[in-house]
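Breakdown of the fold
This is what each chain is made of:
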Amino acid sequence: MINPQNLVNRLTEEFEKIPGIIAFSLVGSQARETVYKATEYSDLEAYIITTDEAAEQVEQLLPSLVSQLGTVLFSFKHQIGFVTVYDDLFRLELPVIKQSQMDSVFSRPKTQVVKVLLDRTNGQLDKILAKRPETFDYKKIFSELVINFWYWQILGVQYFKKGEYYNTRSVLGIHASALVKLFELLNDPDILLLETNKRIEQFLTKEQQTQVRRITPAYDNKQIKVALKEVMEVFTVIARSVKEKYGYEYDENLEEKVKPKLLELMNSS
């Protein structure tokens, strides 16, 4: 079995020998020591920071390097970067980040832990991590969630009327993610800082989880139609609850202007 801590230690030792690597940092659940910690099924995600010139060379070294640390099932370059899966199904993600890209990579709030394991950036990494935001503009997030909801809802209903049920379900998936964020905002805004959409079972009530399930139907046009109608009811109720709790303003007229048109469209033959 892969031991994550041993793997981190050995990777750090190897990266210290490579001049082009100027920093190595652990992120995600493996970096946390309190809330939202790693489980036996969690992956290990760590960023390899290189000089701009060394990035390609370092990526070419990774397949042979990770194979020395355990029995590899397969490795490949995913959209997130270099990925390895070991024979016990442990997943290792090692994106290679150029030095010039550090600002954009390390821009998430400070609550999202970055555990620096190697730093040869002469203070550059420290400065970037120090200037990360403490929190989000929740009022702005809320307003954007509402207006985006109605835009995607129009799209979803139009997909449904065209018989594009797969696309409609994709819209309902977007709605589910937005609804989860609304629930988290209502329950405790700080939850949003941890990017916890993947673990809603830990942060939403049973009733809220049920509401999310009701708007994520199987591939069935009748269930999809019901979900399209239900999501408008659930989303608007929760949006009003958020406004009442925090005083955040949003365009409440959107419901009045858009909802009747969508219901008429869905009910037409």
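Note that the coordinates shown come from a computational prediction; the quantities given were computed from them, not determined experimentally.

Section: the overall build of the protein
Check the secondary structure of the protein and you find ten helices and seven strands. Seen through its principal axes, the protein has C-alpha atoms that stretch 65 × 40 × 35 Å. Out of the 269 residues in the protein, the part that is buried amounts to 44%. Looking at the protein alone, contacts between residues at least 24 apart form 66% of all its contacts between residues at least 6 apart. Surface exposure of the protein reaches about 14500 Å², of which carbon and sulfur atoms provide 50%. Separation of charge centres in the protein, based on 34 positive and 37 negative side chains, amounts to 4 Å.

Digging into the pairing of strand 2 (residues 44–50)
Here strand 2 lies mainly inside the structure; six of its seven residues are buried. Inspection of the sheet shows strand 1 (residues 21–27) paired to strand 2 by six bridges, in the antiparallel sense. Within strand 2, the residue paired with Ala23 across the bridge is Ile49. Sheet analysis places strand 2 next to strand 6 (residues 96–98), joined by three bridges and oriented parallel. From the neighbouring strand, Ile49 faces strand 6, where its bridge partner is Ile97.

Considerations on the pattern of salt bridges
Counted according to the given criterion, the structure contains 13 salt bridges. When the shortest N-O distance is used, the salt bridge between Lys243 and Glu249 registers 3.8 Å. Across the pair Glu252 and Lys243 runs a salt bridge, and its minimum N-O distance is 2.4 Å. Each of Glu233, Arg240, Glu255 and Lys259 takes part in a single network of salt bridges with overlapping partners.

Concerning the packing of helix 9 (residues 221–246) against helix 10 (residues 253–267)
Packing of helix 9 against helix 10 leaves a shortest axis separation of 11 Å and a crossing angle of 165 degrees. By the angle between their axes, helix 9 is roughly antiparallel relative to helix 10. For helix 9 against helix 10, the interelement crossing comes out left-handed. Contacts between helix 9 and helix 10 involve Lys225, Leu228, Lys229, Met232, Glu233, Thr236 and Arg240 from the first element and Glu255, Lys259, Leu262, Leu263, Met266 and Asn267 from the second. Residue composition of the contact of helix 9 with helix 10, by class: five nonpolar, two polar and six charged.

Quick notes on the nonpolar core
With 39 residues, the main nonpolar core has Phe142, Trp150, Leu179, Leu182, Ile238 and Val242 as its most contacted residues. Those elements that place two or more of their residues in this core are helix 5 (138–161), helix 6 (165–187), helix 9 and helix 10. Broken down by element, this core gets its largest block of residues, ten residues, from helix 9. Sequence-distant contacts of Trp150, that is, excluding residues within four places in its chain, are made with Met232, Thr236, Leu254, Glu255, Val258, Lys259 and Leu262. The next biggest cluster of nonpolar side chains, apart from the first, holds 27 residues, and it includes Ile2, Val8, Leu26 and Leu62.

Considerations on the environment of Thr216
Here Thr216 is to be found in the loop between helix 8 (206–214) and helix 9. A polar atom in the side chain of Thr216 sits 3.2 Å from the backbone oxygen of Val212. From its side chain, Thr216 meets the backbone oxygen of Arg213 in a polar contact 3.1 Å long.

Considering helix 8
Looking only at helix 8, the buried set comprises Gln208, Gln209, Gln211 and Val212. Relative to the axis of helix 8, the buried residues are bounded by an arc of 160 degrees and lie together on one face. Exposed residues on helix 8 whose side chains face more than 90 degrees from its buried face are Lys206, Glu207 and Arg213.

Side note on the packing of aromatic side chains
For any pair of aromatic rings, the description consists of the separation of the ring centres together with the inter-plane angle of the planes. Taken as a whole and assessed by the stated rule, the structure comprises eleven aromatic pairs. Both rings, one in Tyr47 and one in Phe106, keep their centres 5.6 Å apart while their planes meet at 65 degrees; by these two values the pair is edge-to-face. Taken as a pair, Tyr47 in strand 2 and Phe106 in the loop between helix 3 (102–105) and strand 7 (115–119) lie far apart in primary sequence, 59 residues in all. An aromatic cluster of at least three residues, connected via ring pairs, comprises Phe142, Tyr246, Tyr248 and Tyr250.

Rules of the game
Residues numbered from 1 in each chain as written. Predicted model: local features only at pLDDT ≥ 70, side-chain atom pairs only at ≥ 80, totals over all residues. Heavy atoms only, no water. Helix = DSSP H or I, 4+ residues; strand = E, 2+ residues; numbered from the N terminus. Buried < 20%, exposed > 50% of the residue type's maximum accessible area, 1.4 Å probe, protein only. Contact = heavy atoms within 4.5 Å. Areas by Shrake-Rupley, 256 points an atom, 1.4 Å probe, with all protein chains shown as cover. Lys, Arg positive; Asp, Glu negative; His and termini not counted. Charge placed at Lys NZ, Arg CZ, Asp CG, Glu CD. Pairing = 2+ DSSP bridges. Salt bridge = Lys/Arg side-chain N within 4 Å of Asp/Glu carboxyl O. Axes fitted to C-alpha atoms, helices over the stretch in contact; angles between N-to-C directions. Parallel < 35°, antiparallel > 145°, perpendicular 65-115°, else oblique. Left-handed = near helix turned anticlockwise from the far one by under 90°. Nonpolar A, V, L, I, M, F, W, Y, C, P; charged D, E, K, R; others polar. Core = buried A, V, L, I, M, F, W, Y, C linked by side-chain atoms within 4.5 Å. Polar contact = N/O pair within 3.5 Å; in protein donor to acceptor, adjacent residues only side chain to side chain. Arc of directions from axis to C-beta. Phe/Tyr/Trp six-rings, centres within 6.5 Å; stacked < 30°, edge-to-face > 60°.

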